Amino acid sequence: MDKEKYAKLEQEISPKAPLLKNVIKAFLVGGTICLIAQFIALFYMTFFDFTERTASNPTVATMIFISMLLTGFGVYKKIGQAGGAGGAVPITGFGNAVVSAAIEHKTEGFVLGVGSNIFKLAGSVIVFGVFSAFLVALIKTILVKMGVVSW
Amino acid sequence: MTIRQVIMMLCVLLLLTGCIPNDFKFENHTDEDASKAEELLKKDNRIKGVAALFHDDHLLIGIRVKTFSRFNKRGIAREIEKKLKEEYPDLTVFVSADSKILTETNKLILKDDEKGLKKKIHHLISLAEEET
């Protein structure tokens, strides 16, 4: 059996992913997470001395903290199963990736187990996060120079 | 309560909270003429809500811009600040498009308490200038 034949066979046998359904689910779950984060940001703006601009930092920290707790209790697994990318793309997915790796490697010891594996999944998030931040900053700099948006 | 009722209630609540009135509030504790600022801000069709407070030698303004102008809200605030500085050369003008400044200015106007007002205005300006 050659490569092309195998690919064709695999296409025929494997079940079709319900693309639209997954997209809608991811939209709803991700949107709900962002809605909760918006309420937390509003909470920080109403009751503490944070502006729209500065409230994002404590909001992100709170969301990561909540997702870490949920991962520890095994609830985030269910959210991720239902929402797919909707549970992975927001910052809560990052917290989940860090803590789940830490839990998984806890038996290997704290230094060589937890310490060296904690960023096993989240490491790629950091690498591509930094890279995409660079790209976005580049695009924004160009747009600001052209006068389309302001800082 | 069934899940359908909960979803219906949430939809209604979310739709209604979208209808928070955006009005133009002006409070003047000085002898300056506030109508110039009022005219300027009401004429600008990118703005849908204003809270302006004239106090002592300060003019503190919080604005809410329309949804699709939000990408450029800092630019709009800067532009209005420049225009108002020309209109009121004797006042220290501060304009911000941050919703925190708008709500806090609204609170100061509603409270109508001149004691310690200047300190609060200074505090708000320092908050708005914070970058991180």
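1. Considering the overall build of chain A
In step 1: Across its full length, chain A carries 8 helices and 0 strands.
In step 2: Counting from the amino terminus, chain A carries its helices and strands in the arrangement α-α-α-α-α-α-α-α.
In step 3: For 151 residues, the compact-globule estimate of 2.2 N^0.38 gives 15 Å, and the C-alpha radius of gyration of chain A, at 20 Å, exceeds that figure by more than 25%.
In step 4: Seen through its principal axes, chain A has C-alpha atoms that stretch 65 × 50 × 30 Å.
In step 5: Here chain A holds 151 residues, and 27% of them are scored as buried.
In step 6: Restricting to contacts in chain A with at least 6 residues of sequence separation, those with at least 24 account for 48%.
In step 7: Accessible area for chain A stands at about 10,800 Å²; split by element, carbon and sulfur atoms hold 73% of it.
In step 8: Computed over 13 positive and 8 negative side-chain charges, the separation of the two mean positions in chain A equals 4 Å.

2. Digging into a nonpolar patch on the surface
Residue and element names in this part refer to chain A.
In step 1: The grouping of Val 127, Phe 128, Phe 131, Phe 134, Leu 135, Leu 138, Ile 139, Ile 142, Leu 143, Met 146 and Val 148 at the surface amounts to a nonpolar patch, some 1,100 Å² of accessible area in total.
In step 2: Among the secondary structure elements, Val 148 is positioned in the segment after α8 (122–146).
In step 3: When its relative accessible area of 47% is taken as the criterion, Val 148 is described as partly exposed.

3. Section: the pairing of strand β2 (residues 47–55) of chain B
All names here are of chain B.
In step 1: Taken across its 9 residues, β2 has 8 buried, putting it largely inside the fold.
In step 2: The pairing of strand β1 (residues 24–28) with β2 spans 5 bridges and is classified as parallel. Paired with Phe 24 across the two strands is Val 50, which belongs to β2.
In step 3: Viewed along the sheet, the connection from β1 through helix α2 (residues 35–43) into β2 turns out left-handed.
In step 4: Across 8 bridges, the pairing between β2 and strand β3 (residues 58–65) is antiparallel. If you follow His 55 over to β3, its bridge partner there is His 58.

4. As for the domain arrangement of chain A
Residues and elements named next belong to chain A.
In step 1: The domain boundaries assigned to chain A delineate domain 1 (18–120) and domain 2 (122–151).
In step 2: Centre-to-centre, using C-alpha coordinates, domain 1 lies 22 Å away from domain 2.
In step 3: Taken together, the two surfaces of domain 1 and domain 2 that pack against each other cover about 370 Å², and 73% of this comes from carbon and sulfur.
In step 4: Inspection of the region where domain 1 meets domain 2 yields 0 salt bridges.

5. So, helix α2 (residues 19–47) of chain A
Because an α-helix completes one turn every 3.6 residues, residues spaced three or four positions apart along the sequence face the same direction.
In step 1: End to end, α2 of chain A covers 42 Å across 29 residues, agreeing with the expected 42 Å (1.5 Å per residue, within 8%).
In step 2: As for α2 of chain A, its buried residues are in contact with α3 (56–73), α4 (76–83), α5 (85–88) and α6 (91–104) of chain A together with α4 (99–111) of chain B.

6. What to know about the nonpolar core
In step 1: Residues Leu 59, Ile 61, Ile 63, Ile 80, Leu 84 and Val 95 of chain B are the most contacted members of the largest nonpolar core, which totals 21 residues.
In step 2: Within the second largest apolar cluster, 14 residues are counted, among which are Ile 101, Leu 117, Ile 125 and Leu 127 of chain B.

7. A look at unusual backbone geometry
Residue and element names in this part refer to chain B.
In step 1: Residues other than glycine seldom take positive phi values, yet Asp 56 does so here, at roughly 55°.
In step 2: The topology assignment puts Asp 56 in the loop between β2 and β3.
In step 3: For Asp 56, a relative accessible area of 45% translates into the label partly exposed.

8. As for the pattern of salt bridges
Note that side chains of opposite charge can pair when their charged atoms are close.
In step 1: Summed over the entire model, instances satisfying the criterion amount to 11 salt bridges over all chains.
In step 2: Between Glu 52 of chain A and Arg 70 of chain B there is a salt bridge, and its shortest N-O distance comes to 3.3 Å. Of this pair, Glu 52 of chain A sits in the loop between α2 and α3 while Arg 70 of chain B sits in the loop between β3 and α3 (73–87), on two different chains.
In step 3: Lys 42 of chain B serves as the salt-bridge partner of Glu 38 of chain B, at 3.3 Å between the closest nitrogen and oxygen. Of this pair, Glu 38 of chain B and Lys 42 of chain B both sit in helix α2, 4 residues apart, which is roughly one turn of the helix.
In step 4: With a relative accessible area of 48%, Lys 42 of chain B lands in the partly exposed category.
In step 5: By sharing partners, the salt bridges in this structure join Asp 44, Arg 46, Glu 79 and Lys 83 of chain B into a single network.

9. Remarks on the interface of chain B and chain A
In step 1: At the interface, 17 residues of chain B touch 13 residues of chain A.
In step 2: Overall, the association of chain B and chain A removes approximately 1,400 Å² of surface from exposure, summing both partners, and the carbon and sulfur fraction of that is 43%.
In step 3: Taken together, the connections running from chain B to chain A amount to 2 salt bridges.
In step 4: In this assembly, chain B and chain A are joined by 7 residue pairs in polar contact (both at pLDDT 80 or more).
In step 5: Counting residues per element, the ones that place at least two in the side of chain B that touches chain A are α3, α4 and α5 (117–129) of chain B.
In step 6: Split into classes, the residues belonging to the side of chain B that touches chain A amount to 3 nonpolar, 5 polar and 9 charged.

How each quantity is defined
Counting of residues starts from 1 at the beginning of each chain's written sequence and follows it residue by residue. Chain A is the first chain written and ligand 1 is the first ligand written, with later ones labelled in order. Reporting of local features is limited, given that this is a predicted model, to residues whose pLDDT is at least 70; pairs of side-chain atoms are given and counted only at 80 or more, and all residues count toward the totals for whole chains, interfaces and linings. To get the side-chain values, all heavy atoms of the structure are used, and hydrogens and water are removed first. Think of it this way: any DSSP run of H or I at least four residues long counts as a helix, any run of E at least two long counts as a strand, and we number them from the N terminus. Only the C-alpha atoms count toward the radius of gyration. The rule for a globule is 2.2 Å times the residue count to the power 0.38. Think of it in three bands: residues with accessible area under 20% of the maximum for their type are buried, residues over 50% are exposed, and the middle band is partly exposed, with areas taken using a 1.4 Å probe on protein chains only. Only heavy atoms enter the contact rule, under which two residues are in contact if any of them lie within 4.5 Å. Per-residue and other accessible areas follow the Shrake-Rupley method at a 1.4 Å probe size, with only the shown protein chains counted as cover for residues. For this count, His and the chain ends are skipped, Lys and Arg are scored as positive, and Asp and Glu as negative. Each charge is placed at NZ for Lys, CZ for Arg, CG for Asp and CD for Glu. Each patch is built from residues lacking any salt bridge and having more than 30% relative accessible area; the joining distance is 9 Å for like charges and 5 Å for nonpolar side chains (Val, Leu, Ile, Met, Phe, Trp, Tyr). Salt bridges are identified by distance alone: a Lys or Arg side-chain nitrogen within 4 Å of an Asp or Glu carboxyl oxygen. Only when DSSP finds a minimum of two bridges between them are two strands counted as paired. By definition, the crossover connecting two strands over a helix is right-handed if that path, from the first strand to the second, turns clockwise as seen with the strands pointing away from the viewer. Where each domain begins and ends follows an automated or database-derived domain assignment. Throughout, buried area stands for the accessible area (probe radius 1.4 Å) lost by two parts on being put together, summed over both. One less than the residue count of a helix, multiplied by 1.5 Å, gives the span that helix is expected to have. Among the buried residues, those of types Ala, Val, Leu, Ile, Met, Phe, Trp, Tyr and Cys that are joined through side-chain atoms within 4.5 Å form a nonpolar core. Polar contacts, as used here, are pairs of N or O atoms within 3.5 Å; protein pairs need one atom able to donate a hydrogen and one able to accept it. Residues neighboring in sequence count only if both atoms are side-chain atoms. Three residue categories are used. Nonpolar comprises Ala, Val, Leu, Ile, Met, Phe, Trp, Tyr, Cys and Pro, charged comprises Asp, Glu, Lys and Arg, and polar comprises the others, including Gly.

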